[in-house]
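One-letter residues, chain by chain:
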Amino acid sequence: MSTENVSGSFQPGGLGAPAATIAGERLLTVDELSVSFNTEDGVVRAVRNVSFDLDRREVLGVVGESGSGKSVSSMAVLGLLPKTATVTGSINFNGRELVGLSYNQMRAVRGNGIAMIFQDPMTSLNPVFTVGWQLAEAYRAHHDVSKKAAFAKSVETLDLVGIPQPDRRARQYPHEYSGGMRQRAMIAMSIINDPDLIIADEPTTALDVTVQAQILETLLRIRDETSAAIIIITHDLGVVAGMVDRVQVMYGGTIVEAGQVNEIYEAPRMPYTVGLIGSIPHVGLVGKRLTPIKGAPPSLMNLPSGCSFSPRCPLAIDVCREVEPDLMDTDRTDHTSRCHRWKELAEIDNPQKLFAHEEIGTIEDALILQLANPDEISVVDDSLVDESLVDDTAADRQSPAAEVDATSAEENPKS
Amino acid sequence: MTTTTTQSSASSAGSQASATPLLQVTDLVKTFPVRKTGIITRTIGQVQAVSGVSFDLAAGETLGLVGESGCGKTTTGRAIMQLHKPSSGSVRFDGKELTKLSARAMRAVRRDLQIVFQDPYASLNPRWQVNDIVMEPLKIHGSASGVRNHQHRVNELLELVGLNPEHRNRYPHEFSGGQRQRIGIARALALEPRMIVLDEPVSALDVSVQAGVVNLLEELQERLSLSYLFIAHDLSVVRHIAGRVAVMYLGKIVEMGPRDEVYEKPSHPYTQALLSAVPVPDPKLERSRERIVLKGDVPSPVNPPSGCRFRTRCWKAQDICATEEPPLIVRESSGSASLSACHFAGARDVM
């Protein structure tokens, strides 16, 4: 390939191999973090008892559906939650406790220690200032330098994230940038103060796949050059597969499964993760039906008793509906799951079958749906965890109750 | 494949359809004027959103139309629906030439040709109950059969798309994204159309919800033998649902063929780059894949590059690419059966 330097760059090894994390160098420790919002309709428990650690240079993927609390927990780390939020627990960043810091103390951490890349590059940049000016402003917030020096620094940073002709581009306004370039500018803004931790909230959701590949590649390159740790928040399991070291799956405001990336994909120990993986169209499923998870995520204002996934879980038994499981160790190393029945799940060869279903609702089904006792849905006996579960309306029956839930979930603040 | 011109033979190759396809698009062009702002406005250029697109769609078939944002795929869908009047070219639906129809005559055609819009949050009137939304097409096109029959049909439709008919008196904001998209689908199905243009029907949805809507679309197709023009930027969804795939770049189709040919043996460099950029939900495979990262952005459609439009970002580009536009034809040397608009087409496995 003699012409490869013309325009396309080839990268054997995909988006980069997992970095060898420097063991023992802990950057962030989140312990029993809970966030709730008092609203007129009641208390919304957006995040419940979330605990995790992050080492330097580590890349962590936080995966979940909208409304699972994944954005709120990262906003709590940055202290960006509105005043109505009640935050309890502990966030220890670089040996410093962040919960309870004053506004000004938190400002010193933001940008400098922890930086954020927001989801929507179209609305996160100020349209009436040049991109270079905005970057310089971020730099001058933490460094006592002249405007000229700060502008030079912003040109240098734009160059670092791969924007061509950075000195010309720095003098342009956000509307003159394409979507991918704007997201690069956002990345530049987040790294300009050399933070130890970058939180990227759905950094590629609004972008095309080719641009997404460019942005993810840039993020990993930045990690290598600045030694920052990265938390990537996404709903797309495909995005995290190639670039993170660890994955943390969130549901109903709490972590339901966590482990090394290969572990999560190859040996999921939580039915929700199984369902999430089965929802993605891939080669093996061509010509077959996808296996969506029935129903909708729970309302954070009115969480189901017991395990929050139990109303949608094909494996749920009585204990699941009564007692919320702890995040427990599983048979795999460094792999935790919040499921009473992970052992049973581990024994099923092809757990995707659990979520398989046949027909969509017809008139008769709809009648059954009204009458059905939700208890009949779940598989109590392990021997039933087989094709027999797949058939007819078993899975369908679950939906009406969940659909009613969905309408109330809709009114909750989006997390 | 009875026609002799390159373009129409190109458009029908790869489809196993009967003699007359349901939809036949030939040399479709849509340009939008660029106007100078000020007191006196005048046209200073043309955005070439769609520049000469040709394809066929048989009854019961699904054609996936993929490409990056700004490549003209949505405009193509809308030009077929005559929501944007095409600048030139022909759209034949069921033997009728749509581009020459009056608005009134076109309304009658829309009974058979419906569209589902991209954004389920913007395409439903927030002040209407779901019942009214789904009933509207029945009222516009319906016979004098009366409200009672209409109501019966609405209930049927809501059940068909997996919603509870008892929720028909609710407003769109009371439903989740996936449910709203189902309402949009119910509305499109109301008149029993033969073809539906699906404009990014699942892009705005969460993965787990998206799977439900994709399944629904497949089931409906089997039951009602619908034809779909499935417009999307998500290649894995298109692979799942479409029998044939057309890849667009800057207003032109650069590669078109049966799904397995396009995905397993992509011959156009752009298709290869696009496919290699799709993340695979498998950590080991994802890390071992060879990824082609394109440099730069899509050029402006106001002033597209001469010759091959992809040449400015292509690693295979040579002098001929700037001077001669490659036609969309089967390229024997490429080792792939799909049509490819590249002088140097060559199949390569990138998945």
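Residues numbered from 1 in each chain as written. Chains lettered and ligands numbered in written order. Predicted model: local features only at pLDDT ≥ 70, side-chain atom pairs only at ≥ 80, totals over all residues.

### Looking at the overall build of chain B
Then, number 1: Assigned secondary structure in chain B consists of twelve helices and 13 strands.
Then, number 2: Computed over its C-alpha atoms, the radius of gyration of chain B comes to 21 Å, within 12% of the 20 Å expected for a compact globule of 351 residues.
Then, number 3: The buried share of chain B, taken over its 351 residues, is 54%.
Then, number 4: Intrachain contacts of chain B at a sequence separation of at least 6 include 66% that bridge at least 24 residues. (Helix = DSSP H or I, 4+ residues; strand = E, 2+ residues; numbered from the N terminus. Rg over C-alpha atoms; globule rule 2.2 N^0.38 Å. Buried ≥ 20, exposed ≤ 12 C-beta atoms within 10 Å, placed from the backbone. Contact = placed C-beta atoms within 7 Å.)

### A look at the overall build of chain A
Then, number 1: Per the secondary structure count, chain A includes 16 helices and 13 strands.
Then, number 2: Taking all 415 residues of chain A together, 50% fall into the buried category.
Then, number 3: If you take every contact in chain A between residues at least 6 apart in sequence, the share linking residues at least 24 apart comes to 69%.

### Focus: helix α6 (residues 177–189) of chain B
Then, number 1: Helix length check: α6(B), at 13 residues, gives a terminal C-alpha distance of 19 Å against a target of 18 Å (1.5 Å per residue), a fit within 8%.
Then, number 2: Here α6(B) lies mainly inside the structure; 13 of its 13 residues are buried. (Expected span 1.5 Å × (residues − 1).)

### Looking at unusual backbone geometry
All names here are of chain A.
Then, number 1: A positive phi is found at Asn49, a non-glycine position, where the angle reads about 50°.
Then, number 2: By the secondary structure assignment, Asn49 is in strand β3 (residues 42–55).
Then, number 3: Note on Asn49: 18 C-beta atoms within 10 Å, which makes it partly exposed.
Then, number 4: Of note, the phi angle at Asp194 is positive, near 55°, even though the residue is not glycine.
Then, number 5: With respect to the secondary-structure elements, Asp194 resides in the loop between α7 (179–191) and β8 (197–201).
Then, number 6: Among the residues examined, Asp194 registers 14 C-beta atoms within 10 Å and is labelled partly exposed.

### Details of the nonpolar core
Then, number 1: The biggest cluster of nonpolar side chains holds 204 residues, and the ones touching the most others in it are Val240(A), Val134(B), Ala186(B), Phe230(B) and Val247(B).
Then, number 2: What Phe230(B) contacts, discounting residues up to four positions off in sequence, is Thr62(B), Leu63(B), Gly64(B), Leu65(B), Leu198(B), Val238(B), Ile241(B) and Ala242(B). (Core = buried A, V, L, I, M, F, W, Y, C linked by C-beta atoms within 7 Å.)

### Details of the sheet that holds strand β5 (residues 96–97) of chain B
Then, number 1: Taking strand neighbours across the sheet as the criterion, the four strands line up as β2-β1-β4-β5 (chain B) in an open arrangement whose pairing is antiparallel. Two strands lie at the open edges of the sheet, namely β2 (43–57) and β5 of chain B, each paired on one side alone. (Pairing = 2+ DSSP bridges.)

### Quick look at the sheet that holds strand β5 (residues 85–93) of chain A
Then, number 1: In space, the four strands of this open sheet follow the order β3-β2-β5-β6 (chain A), with antiparallel pairing throughout. In this open sheet, the two edge strands, each paired with only one partner strand, are β3 and β6 (96–97) of chain A.

### A short note on the confidence of the model for chain A
Then, number 1: Looking at chain A, the pLDDT average stands at 78 and 78% of residues meet or exceed 70.
Then, number 2: Averaged over each element, pLDDT in chain A is lowest for helix α14 (residues 363–371) of chain A (31) and highest for helix α4 (residues 131–140) of chain A (94). (pLDDT = per-residue confidence, 0-100.)

### Some thoughts on the packing of helix α5 (residues 147–160) of chain A against α7(A)
All names here are of chain A.
Then, number 1: At a closest axis distance of 9 Å, the pairing of α5 and α7 adopts a crossing angle of 125°. By the angle between their directions, the pair α5 and α7 is classed as oblique. Read as a crossing pair, α5 and α7 show a hand that is right-handed. Only Ala185, Ala188 and Ile191 of α7 make contact with α5, whose side of the interface consists of Thr157, Leu158 and Leu160.
Then, number 2: Here the contact of α5 with α7 is built from residues that sort into five nonpolar, one polar and no charged. (Axes fitted to C-alpha atoms, helices over the stretch in contact; angles between N-to-C directions. Parallel < 35°, antiparallel > 145°, perpendicular 65-115°, else oblique. Left-handed = near helix turned anticlockwise from the far one by under 90°. Nonpolar A, V, L, I, M, F, W, Y, C, P; charged D, E, K, R; others polar.)

### Quick word on the pairing of strand β11 (residues 254–260) of chain A
Residue and element names in this part refer to chain A.
Then, number 1: With six of seven residues buried, β11 lies mostly within the body of the structure.
Then, number 2: In this structure, strand β10 (residues 246–251) lies alongside β11, joined through six bridges in antiparallel fashion. Residue Tyr251 lies in a different strand from β11, and its bridge partner there is Thr254.
Then, number 3: Here β10 folds back onto β11 in antiparallel fashion, the turn holding two residues, of which Gly252 has a positive phi close to 55°.
Then, number 4: Here β11 runs beside strand β13 (residues 335–337); their pairing, made up of three bridges, is antiparallel. Its bridge partner lying in β13, Glu257 is registered against Ser337.

### Description of the packing of helix α4 (residues 130–141) of chain B against helix α5 (residues 146–160) of chain B
Residue and element names in this part refer to chain B.
Then, number 1: α5 packs onto α4 with a crossing angle of 120° between their chain directions and a minimal axis gap of 10 Å. With respect to α5, the element α4 is oriented oblique. Crossing hand, α4 versus α5: right-handed. Contacts between α4 and α5 pair Asn131, Val134, Met135, Leu138 and Lys139 from the former with His150, Arg153, Val154, Leu157 and Leu158 from the latter.
Then, number 2: Looking at the contact of α4 with α5 residue by residue, the classes come out as six nonpolar, two polar and two charged.

### Quick word on the environment of Trp133(A)
All names here are of chain A.
Then, number 1: By secondary structure assignment, the location of Trp133 is in helix α4.
Then, number 2: Its 18 C-beta neighbours within 10 Å are what place Trp133 among the partly exposed residues.
Then, number 3: In sequence terms Trp133 and Val155 are 22 residues apart; their C-alpha atoms lie 9.9 Å from each other.

### Focus on the environment of Lys252(B)
Then, number 1: You can see Lys252(B) is positioned in strand β10 (residues 252–258).
Then, number 2: Considering only alpha carbons, one finds Lys252(B) and Ser54(B), 198 residues apart in sequence, at a separation of 9.0 Å.

### Considerations on the pairing of strand β6 (residues 113–116) of chain B
Residues and elements named next belong to chain B.
Then, number 1: Side chains of β6 alternate between two faces, with Leu113 and Ile115 and Gln114 and Val116 buried alike.
Then, number 2: Where β6 lies against strand β7 (residues 195–199), four bridges are found, and the strand directions are parallel. In the sheet register, Leu113 faces β7, and the bridge partner there is Met195.

### Points about the environment of Arg107(B)
All names here are of chain B.
Then, number 1: Relative to the elements of secondary structure, Arg107 occurs in helix α3 (residues 103–109).
Then, number 2: Under the C-beta neighbour-count criterion, Arg107 is labelled partly exposed, with 13 such atoms within 10 Å.
Then, number 3: For the pair Arg107 and Val245, spaced 138 residues apart in sequence, the C-alpha separation works out to 29 Å.

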